Each structure stands twice: as C-alpha cells, then as structure tokens.
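Topology and contacts: notes
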Amino acid sequence: MAITKLLVVVDNSLASMRAVAYVAQILGGRRGFRVCLAHTLPSPPAGMMEFGGAEDPQKEEWLEARLRVSRHLWVSATKKKLSGSLDLAYANLRRAGFARGEIEVHFCYPSDRRNVPKEILTLARERGCHTVVVGRRSLSWLRAHLQTNPADELVRLGKGFTNWVVE
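Report on the accompanying structure. None of the values given here were measured: they were computed from a predicted structure.

Turning our attention to the nonpolar core. In this structure, Val 8, Val 10, Val 23, Leu 37, Leu 93 and Phe 98 are the most contacted members of the largest nonpolar core, which totals 22 residues. At the level of secondary structure, the elements contributing two or more residues to this core comprise strand 1 (4–9), helix 1 (14–27), strand 2 (33–40), helix 2 (57–95) and strand 3 (103–108). If one sorts the elements of this core by residue count, helix 1 sits on top with 6 residues. The contact partners of Leu 37, leaving out residues within four places of it in the chain, are Val 8, Val 10, Leu 86, Ala 89, Tyr 90, Leu 93, Ile 103, Glu 104, Val 105 and His 106.

So this is what it looks like as structure tokens:
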C-alpha cells in the first residue's frame, strides 16, 4: 500500500488548530497516511545574528562561540514556548486514530518572516510530503486586499503540491 504524507502547518492560532481537526476528522483511523506537524520558529533577535567582529582573532573566536551558545539557548527556549500547540495537535491526531509512528513533529527555521512559505515547502520536500495543509483566518474584503496572507503565498509558491487551506 502506498503511503501518503501530509505536512500540517501548526502555530498558536485557532486557524491552525482547525486545520489539524480537519485532518483528524477526514483521515483519522485510516491506514496509509502519515502526518508531519511543522511549526515555524520566529527569526532570532538581530543581536543574535552577528556581531561587529573584533581585531583580535582569539577574541573574535570567543565572541562567535558566545553568539552560537546564545542562539542555541534562544532556539531551545523558543521551541519549549511553542511546543504547547504542537503537543495539542499531536494529541488531537492520536485521539483521531493516528498511531505514534504515523506522526512526525518538526520545526522550520526561516531566516526571516518573508521566507516562511519557502521554508515550509522545503521541509515538505525533505519529508516527502506531497500535500500541505494550512489554516487561514478569514479576513474582511479590504484587509484581504491590503495584507499578504502567508497561506496564500504558500499556495502560490506550492507548485507540485496539493494544498489544503482550511478556514
């Protein structure tokens, strides 16, 4: 039997929880499906990206090591802070009948917020997911024309993927 893998984008929004609930309702208890839950991390603060450098090579090496440790601690703390929505999504899928081995959990690391859709699609390719599921909150007509919705950008860039947008 062929395995179908879906990447479900999860964040702390009600829209993403609706997307998880939809996948659980439609596919829960069925065999042949795997779900990859993906949460994007925000960009690290600018001060953690780089420093001005130092004239002394030893001092520069020390500063670079200190920066790496700071970034690592920031990523760990951010993952812990965001893991609640992933834990909830995971539990919902398990209750719907997905086995432990049918659910993966991943984080995306976009360099900045504009790259989130690209990073999600990169993760989908890496994990062998051909379907991307994303929640989107409804916007008023005017706001929809004035704002770029990440879900819309994901669909626009997602050539070759099946996209489910759940509102």
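So much for the structure itself; the text now carries on.
An order of 3-2-1-4-5 is seen for the 5 strands of this open sheet, with the pairing classed as parallel. At either margin of the open sheet sits one strand with a lone partner, and together these are strand 3 and strand 5 (162–166). Pairwise comparison of adjacent strand axes, ignoring direction, gives a mean angle of 20 degrees for this sheet. Two strands pair when backbone bridges link them, and strand 1 and strand 4 (residues 131–135) are joined in this way by 3 bridges, in the parallel orientation.

Think of two packed helices as two axes; the pair is described by the angle between the axes and how far apart they sit. At a minimum axis separation of 9 Å, helix 1 and helix 2 run at an interaxial angle of 20 degrees. Relative to helix 2, the element helix 1 lies roughly parallel. In the packing of helix 1 onto helix 2, the handedness of the crossing is right-handed. The residues of helix 2 that touch helix 1, namely those facing Met 17, Val 20, Val 23 and Ala 24, are Ser 85, Leu 88, Ala 89, Asn 92 and Leu 93.

Here we come to the packing of aromatic side chains. Under the counting rule described, the total for this entry stands at 1 aromatic pair. Plain terms: the ring middles of Tyr 22 and Trp 164 are 5.8 Å apart, the flat faces sit at 85 degrees to each other, and that makes the pair edge-to-face. Of this pair, Tyr 22 sits in helix 1 while Trp 164 sits in strand 5, placing them 142 residues apart in sequence. For Trp 164, a relative accessible area of 25% gives the class partly exposed.

The rules behind these values
Residues numbered from 1 in each chain as written. Predicted model: local features only at pLDDT ≥ 70, side-chain atom pairs only at ≥ 80, totals over all residues. Heavy atoms only, no water. Core = buried A, V, L, I, M, F, W, Y, C linked by side-chain atoms within 4.5 Å. Buried < 20%, exposed > 50% of the residue type's maximum accessible area, 1.4 Å probe, protein only. Helix = DSSP H or I, 4+ residues; strand = E, 2+ residues; numbered from the N terminus. Contact = heavy atoms within 4.5 Å. Pairing = 2+ DSSP bridges. Axes fitted to C-alpha atoms, helices over the stretch in contact; angles between N-to-C directions. Parallel < 35°, antiparallel > 145°, perpendicular 65-115°, else oblique. Left-handed = near helix turned anticlockwise from the far one by under 90°. Phe/Tyr/Trp six-rings, centres within 6.5 Å; stacked < 30°, edge-to-face > 60°.

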